[in-house]
Amino acid sequence: MRYPLIITNAAQMHIKYKLILPLVFLLSGIMLYPFIFSLWLSLQDYRLTRINDVQFVGFENFGFIATDQSFLNAMGNTISFVASAVIFELILGLSLALLIQKLVIFKGLVRSILLAPMFITPIAVGLMFRFLLNSEIGIIPFYLLRVGVSLDWFGPELALFSIVLIDVWQWTPFMLLMFLAGLEALPKTPFEAARVDGAGRWLTFFSITLPMLRPVIVVALIIRALDAFKVFEYVFAITRGGPGNSTETIMYYIYQTGFRFFRMGEAAAASILLIIFILVFVILIVNLSRPKVIK
Amino acid sequence: MIVSFENRLSRFLGTTAIFIAIILVLFPFFWIFLESIKPPSLGGRPDIWRFEPSWENWGEIVFNSNVPLNILNSFFIALITVVISLICGAPAAYAFSRFRGFQGARYSILAAEMMPPAILILPLFLLLYKLELIDSRVGVITAHLTFVVPVVTWFLIGFFDEVPKDLEDQAMIDGYTRFQAFYKVILPVVRPGLAAAGIFGFVLSWNDLFYSLLLTGAESRTLPVAIAGFWTFRGIELGKMAVAILIAVIPVLILSYSIQKHLIRGIGGSGVKY
Amino acid sequence: MGRVDFKNLRKSFGSTNIIDGLNLEIYNSEFLVLLGPSGCGKSTTLRLLAGLETVSSGTISIDGCDVTELEPRDRDIAMVFQNYALYPTMTVEQNMGFGLKAKKMSPKLIKEKVNEVADLLGLTHLLNRKPNALSGGQQQRVAIGRAIVRKPKVFLFDEPLSNLDANLRLEMRAEIMKLHRELGATTIFVTHDQEEAMAMADRIVIMDKGLIEQVGTPTEIYFQPKTRMVAGFIGNPSMNFIKGEISNNSELKLPIGNIKVNTTLNLGEHVDVGIRPEKIKLADLKRKPNENIVRVMVTNIELLGPRAIVKTEHESGQVLTSVVDHDDIGKYELGTNISISLASNSLHIFPKIKD
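Below you will find a few notes about this structure.

Conventions used here
Residues numbered from 1 in each chain as written. Chains lettered and ligands numbered in written order. Predicted model: local features only at pLDDT ≥ 70, side-chain atom pairs only at ≥ 80, totals over all residues. Heavy atoms only, no water. Helix = DSSP H or I, 4+ residues; strand = E, 2+ residues; numbered from the N terminus. Rg over C-alpha atoms; globule rule 2.2 N^0.38 Å. Contact = heavy atoms within 4.5 Å. Areas by Shrake-Rupley, 256 points an atom, 1.4 Å probe, with all protein chains shown as cover. Lys, Arg positive; Asp, Glu negative; His and termini not counted. Charge placed at Lys NZ, Arg CZ, Asp CG, Glu CD. Buried < 20%, exposed > 50% of the residue type's maximum accessible area, 1.4 Å probe, protein only. Buried area = accessible area lost by both parts, 1.4 Å probe. Salt bridge = Lys/Arg side-chain N within 4 Å of Asp/Glu carboxyl O. Polar contact = N/O pair within 3.5 Å; in protein donor to acceptor, adjacent residues only side chain to side chain. Nonpolar A, V, L, I, M, F, W, Y, C, P; charged D, E, K, R; others polar. Pairing = 2+ DSSP bridges. Phe/Tyr/Trp six-rings, centres within 6.5 Å; stacked < 30°, edge-to-face > 60°. Lys NZ or Arg CZ within 6 Å of the ring centre and 35° of its normal. Arc of directions from axis to C-beta. Axes fitted to C-alpha atoms, helices over the stretch in contact; angles between N-to-C directions. Left-handed = near helix turned anticlockwise from the far one by under 90°. Expected span 1.5 Å × (residues − 1). Bend = angle between axes of the 7 residues up to and from the residue. Right-handed = clockwise from strand over helix to strand, strands pointing away. Parallel < 35°, antiparallel > 145°, perpendicular 65-115°, else oblique. Patch = residues over 30% accessible without salt bridge, like charges linked within 9 Å, V, L, I, M, F, W, Y side chains within 5 Å.

When you go through chain A residue by residue, the secondary structure sums to 12 helices and two strands. Traced from its N-terminal end to its C-terminal end, chain A shows the element sequence α-β-β-α-α-α-α-α-α-α-α-α-α-α. The C-alpha atoms of chain A give a radius of gyration of 24 Å, which is well past the 19 Å a tight globule of 295 residues would have. Oriented by its inertia axes, the alpha-carbon framework of chain A measures out at about 75 × 70 × 40 Å. The contacts of chain A with a sequence gap of at least 6 include a subset with a gap of at least 24, amounting to 67%. Only carbon and sulfur atoms are counted for the fraction: they give 67% of the accessible area of chain A, which is about 14,200 Å². Charge-centre separation for chain A: the mean point of 22 positive side chains lies 13 Å from the mean point of 16 negative side chains.

Here it is as C-alpha cells:
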C-alpha cells in the first residue's frame, strides 16, 4: 500500500506519520531551522557588536577561517587530542572489560565503580583535576615532588596531555560499557570450540574475540571520537586555551570567536568546517572498518 | 581468588590492575570530599590528612549562597527537558521501530545526536536574544532539547525493538485501535526503558555547561555554570567549590547507578547490532 | 455463525507475491488447518483474515459481510499467537478481560465471564499471576482463554503449539479439539506440522508458494494427493518418486522396468510416479494381478521401534524407501538382494511440471 507524499487531510494520514509528527515539529524548530540559520550566518559579516549592520560576504568567512593560524592550530590541537584520547580509552576500556569478565567476585561492584566517571558533570571533573594537579595546592604534584619528580601539568609542554588524561579518566568508562555489552552478547560456542582445538589465550583473543567485537569497536570509536571533538569543559575549567594557545580546541575557538570577539559569521563558518571534517571522518572510519569481502 | 586466570602471575597482575583502576577512580572523589570538610583555614594544603572535620563549607553553600537556586534551576530545566523529550520521542521511536520506510530516519536521529553544539549555539543564541529569552529557563530548555531529544529517541527505538510485534497485533484483535495498542499495551511494557532513557536524558541536561554558560544569567544559572565560577571570581574558594562539585555529582551518580543495566542495552543495544 | 470467504486474494510486498490469487470457502463450525512449508503464505493468509496485513487485491468476507477494509477490532475474530503474546504487565485476569474491556463491558460482567472461562480451562488459581510466572503450557491456556472469552465468530491459531514440548503439545492438541467440539466455533489453524494437521483437521488446505495446492479431508489429502507437491509433502517418510515416461497408452517406462497403468496421459509425456513407502511389500511367491516385481538391494535399515525404514537401491541407481513392520524385519538383510512388489493401484502418477 502506498501513501501519497503530500497529505492534505490529517484524519486520513497514516498513523505512522501522526506518531512522528511531534518529533518532526520539535526537531525542525530547534535543530533544522538553527542549522539553516547557521549556513546563512556563515555567509554574512555578522557581528554582535554591530547587529544592525549585517552584510553578505559570500565565502569570505570561510577564506578567513581556513587561513587563520589560530583556527588551524585549534584544529591541530583537537585532532591530536581526539586521536590520543580515543586510542588510550579504546585500549584501556577493552583491557578493563576483559579483566572484569574474568572477575569471580565483586563483579557488579567493580563495574559500577569503574563506570561512575562517565556520568559526572564534566566541568566538575575539570575543576577536580585542576585542583588535584595544581602545582601549588595539588596533591599529585606535591607527592611527586617528594619522590623527586617535578612536573608542571598545565605548563606549555604537558597541558594538552593533561587534558587528554582527564578525558581518559572520564570517558574510558564509556568504552568499558560498550565492550562489556559487546562481550556479553558474543556467542559462547566459538570460545568453547577454540578451547577444544587447543588455542591459547592470545590466539583466541586475536582470532576470535577481536574480530567478533569489531562492530562494537567501530561504533564505540565513532561515538567517542565525535564526542571528543566537542571537548570544551576541561579547557574552559582549567587552561582557557593556554598556555599560549597550546590547548585551544575547536569548540573553544568557536566559543571565543563568537562570544568573546562577537564575530558570529566567522564562528558559523568554523562550525560548518568542523561538521564537514566530522562527516569525512565518519565516512572514512565506516569504510575502512568494513570487513573485507573475500571473493 | 578474585580473578580467574590459570597462572598465578596473571592472577596477581589482573587483581592489581583492577585495584589500581578502582583507586584511580575513587581517589579524586575522596580527596574532594576531604577538602569539603576541611576547615577553610586549612584549604588547599595537600600535606594535611588529619584535621578536625568542619561542616562550615557545607553550611556556607547550603544557607549562604546561590547554589540552592542553581540546583533548583538545573533540576527544573532537566526535568522539563526530559518530559518534552519523552512526549515527542516515545511515539516517534515506536513508529521508527515498527513501520517500514523509516530506516533513513533512524540514522538521521543518530546524526542529530552527533551534531556539534558549536553549530547550533550561534543561531540559538541569536534567536533567543531577539526573543529576549537569554537568561531564561525556556531558552536553556530549548538548547538542551537539541541533544536530549535525539538521545532519548535513539534509546527508545532499541527498547521498542525488543517488544514482540504480536503484542499490539493481539491488542488490535482484542478490539483496540493502533494508537490505543501503543499507549495501553506497549508503553506499559517499555516503562523501564522510558525510565532509563528519561534518567539518562536528565543526567545529560544536568551536566551541560556549554549551552548554559552562554544562555543563562543570574536568574537562570545552572549548577555547572555556578561551579565554574568558584575558581574564577574572588580568588579560589576551594572548600566551597568542593562542596558544590559533590552536590552536582552525587545525584547524578545515584541516578545513573539505577539505570546501569538498561544503559548497556540503550547505548550498546542499538549500537551493537549495527 | 462464522463462514469465511476468500475471493481472489492477493498480497504482495514490492514485486514478490506472498499470496497469489487465493480462493477458499471456510464453512461454519469447521476446523480448518492451513498446512505448508515455511514461506508458503499460510501465516500471511491468517494475518490477512485477522486484518493485521492489508490486502493487495481481492476480498475477504465473514458471514457474507465484506471485511476486507475493516480494522482487526471490527472483524469479530480472536487469535492465538505462536508466542502467546500475553501482555506482560497485566495479570492473567486482566489479560483475559482486556478484549471485553475494549467493548466497554461492565467490570462485573467481565469478571463473571473471565471466571467462567478460567474455570473451563482450569486457570482459576492462576488469575492473579503475571504471565512470566506461568509455565509454557499455562501461558498457552491463558492465550486460548483470552480468545474464548470474547466468543468471536472465528478463532485463528498461528502455530500455537510449536513452542511446547512434545508431551504438552499432544495434551494441548486434544484440549483444543475438545474445546472446538464444545464451542462449535469456526477455527482456522496454521501449522507446518503435518501430523498435527492430520489429527485435528476437518479439512486441510495445503499451500505452497502463495497458492492452494489441495483442499480436502485428511484422508483425501493422504490417499488422493492431487499434485506432486502434496504427495511429496505429506507422509513420513515421504513418498518415493520415480521419473518416467508414458511409452504407450497404458504402459509406463521407468528405470526399474515397465509398468502397466491406467492413465489418460499422452504418449511421450514425462511423469513422476509416486509410491508410499508403506505400500512397498516383499514379493510373495505367488504372483498377483497388477503386481510389479522389482529386484533391489538393501542398503540401509533404520529401526524405529514398532517399524523400520528400509532403504533399497535398484541397479539403475533408483532408491526406494519402504516401511516395514518390526515382525518382518528379519526378512531384510543388509547388502542382500530382495524382490519387492509395487501394486499398480497404489501408484500415483503426476505429469512433470514444465517450466
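Attention now moves to the overall build of chain B. Along its length, chain B carries 13 helices and zero strands. When the helices and strands of chain B are read in sequence order from the N terminus, they spell out α-α-α-α-α-α-α-α-α-α-α-α-α. Along the longest, intermediate and shortest principal axes, the C-alpha atoms of chain B span 70 × 70 × 35 Å. For chain B, the residues scored as buried account for 60% of the 274 residues in total.

At the interface, 93 residues of chain B touch 88 residues of chain A. In total, about 8,100 Å² of surface goes out of reach between chain B and chain A, with carbon and sulfur atoms giving 84% of it. Counting across the chain B and chain A interface gives zero salt bridges. At the boundary of chain B with chain A, the tally comes to seven residue pairs in polar contact (both at pLDDT 80 or more). A per-class count over the side of chain B that touches chain A returns 73 nonpolar, 13 polar and seven charged.

Let us now look at the pairing of strand β18 (residues 319–325) of chain C. Of all seven residues making up β18 of chain C, five are buried, and the element is well covered by its neighbours. Here strand β17 (residues 307–314) of chain C folds back onto β18 of chain C, and the loop between the two strands holds four residues, one of which, G317 of chain C, carries a positive phi near 95°.

Summed over all chains, the structure comprises 42 aromatic pairs over all chains. For the ring pair F202 of chain B and W206 of chain B, a centre distance of 6.0 Å and an interplane angle of 20° mean the geometry is stacked. Of this pair, F202 of chain B and W206 of chain B are both found in helix α9 (residues 191–207), four residues apart, which corresponds to roughly one turn of the helix. Residue W206 of chain B is classed as buried on the basis of its relative accessible area, which comes to 5%. An aromatic cluster is present here, built from F232, F236, Y252 and Y255 of chain A together with F147, F210 and Y211 of chain B joined pairwise through their rings. Residue placement shows K16 of chain A over the ring face of F102 of chain B; its charged tip is 5.5 Å from the ring centre. Here the basic side chain of R146 of chain C rests over the ring of Y87 of chain C, its NZ or CZ set 4.9 Å away from the ring centre.

What follows covers helix α2 (residues 56–63) of chain B. For α2 of chain B, every residue scored as buried is listed here: N57, W58 and I61 of chain B. Along α2 of chain B, the residues classed as buried sweep out an arc of 95° about the axis, all on the same side.

All names here are of chain C. Pairing in this open sheet of five strands is antiparallel, and the strands run β15-β19-β16-β17-β18 from one edge to the other. Sheet topology places β15 (281–282) and β18 at the edges, where each strand pairs with a single neighbour. In terms of strand pairing, strand β16 (residues 291–304) meets strand β19 (residues 337–343) through seven bridges, oriented antiparallel. Bridge assignment links N292 to a residue of β19, and that residue is L342.

Turning our attention to the pattern of salt bridges. A full pass over the atoms with the stated rule returns 27 salt bridges over all chains. Among the salt bridges present, the one from D169 of chain B reaches R47 of chain C, with a minimum N-O distance of 2.9 Å. Of the two residues, D169 of chain B is situated in helix α7 (residues 166–173) and R47 of chain C in helix α1 (residues 42–50); the pairing between them involves two chains. Owing to a relative accessible area of 14%, R47 of chain C belongs among the buried residues under this scheme. With a closest N to O distance of 3.8 Å, E159 of chain C and K42 of chain C form a salt bridge. Of this pair, E159 of chain C sits in the loop between β7 (154–158) and α5 (166–183) while K42 of chain C sits in helix α1; the two residues are 117 residues apart in sequence, bridging distant segments of the chain. Comparing E159 of chain C with K42 of chain C, the two get one shared label, buried. Connected through shared salt-bridge partners, E89, D167, R224, D227 and K230 of chain A make up one network.

With that settled, the discussion passes to the packing of helix α4 (residues 103–114) of chain B against helix α6 (residues 137–161) of chain B. For any two helices packed against each other, one specifies the crossing angle of their axes together with the interaxial distance. All names here are of chain B. Direction vectors running N to C along α4 and α6 enclose 145°, while the axes themselves pass 8 Å from each other. The element α4 and its partner α6 pack so that their crossing is left-handed. Contacts between α4 and α6 involve R106, I109, L110, A112 and E113 from the former and P150, V151, T153, W154, I157 and D161 from the latter. Partitioning the contact of α4 with α6 into residue classes produces seven nonpolar, one polar and three charged.

Between the first and last C-alpha of helix α7 (residues 159–185) of chain A there are 39 Å, a value that for 27 residues agrees with the 39 Å anticipated at 1.5 Å per step. At Q170 of chain A, α7 of chain A shows its largest bend, some 40°, and a proline, P173 of chain A, comes one to four positions later.

The next point concerns unusual backbone geometry. That bond from N236 of chain C to P237 of chain C is cis: its omega, -5°, falls within 30 degrees of zero. By the secondary structure assignment, P237 of chain C is in the loop between α8 (228–233) and β11 (240–248). Of note in this structure, F106 of chain A is not a glycine but carries a positive phi near 60°. For F106 of chain A, the location among the structural elements is in the loop between α3 (69–102) and α4 (107–115). On the accessibility criterion, F106 of chain A (52% relative accessible area) is exposed.

Right, let's talk about the environment of A248 of chain B for a bit. Tracing the backbone shows A248 of chain B in helix α12 (residues 238–258). Judged by its relative accessible area of 1%, A248 of chain B is buried. In this structure the C-alpha to C-alpha distance between A248 of chain B and D166 of chain B, which are 82 residues apart in sequence, comes to 44 Å. When residues no more than four places from it in sequence are discounted, the contact partners of A248 of chain B are T121 of chain A together with W206, L223 and I227 of chain B.

So, on to the pairing of β7 of chain C. Residue and element names in this part refer to chain C. Most of β7 sits inside the fold, with five of its five residues counted as buried. Of the two faces of β7, the one carrying V154, L156 and D158 and the one carrying F155 and F157 are both buried. Bridging between β7 and strand β8 (residues 186–191) involves five bridges; their strand directions are parallel. Considered in β8, the bridge of F155 is made with T187. Considered for its hand, the β-α-β crossover made up of β7, α5 and β8 is right-handed.

It is worth spelling out the side chain of S136 of chain B at this point. Mapped onto the elements of the fold, S136 of chain B is located in the loop between α5 (117–130) and α6. If we ignore the near neighbours within four places in the chain, the residues touching S136 of chain B are L215 and S220 of chain B.

What follows concerns the sheet that holds strand β9 (residues 203–208) of chain C. All names here are of chain C. With respect to topology, six strands assemble into an open sheet ordered β6-β7-β8-β3-β9-β10, the strand pairing being mixed. Where the open sheet ends on each side, the last strands, each with one partner, are β6 (77–80) and β10 (211–216). This sheet shows a mean twist of 20° between the axes of neighbouring strands, independent of strand direction.

Here we come to the packing of α3 of chain A against α4 of chain A. Residues and elements named next belong to chain A. Running from N to C, α3 and α4 cross one another at 160°; their axes reach a closest spacing of 9 Å. Taken as axis vectors, α3 and α4 run roughly antiparallel relative to one another. Note on packing geometry: the crossing formed by α3 with α4 is right-handed. Each of L96, I100 and Q101 in α3 lies in contact with α4, whose residues at this interface are K107, V110, R111 and L114. Here the residues of the contact of α3 with α4 are counted per class, giving four nonpolar, one polar and two charged.

As a further point, take a nonpolar patch on the surface. All names here are of chain A. Taken together, the side chains of V104, I105, F106 and L109 present a nonpolar region at the surface, about 380 Å² in accessible area. Assignment of secondary structure puts V104 in the loop between α3 and α4. Overall, the relative accessible area of 45% leaves V104 in the partly exposed class.

Nothing here speaks to function; it is geometry throughout.
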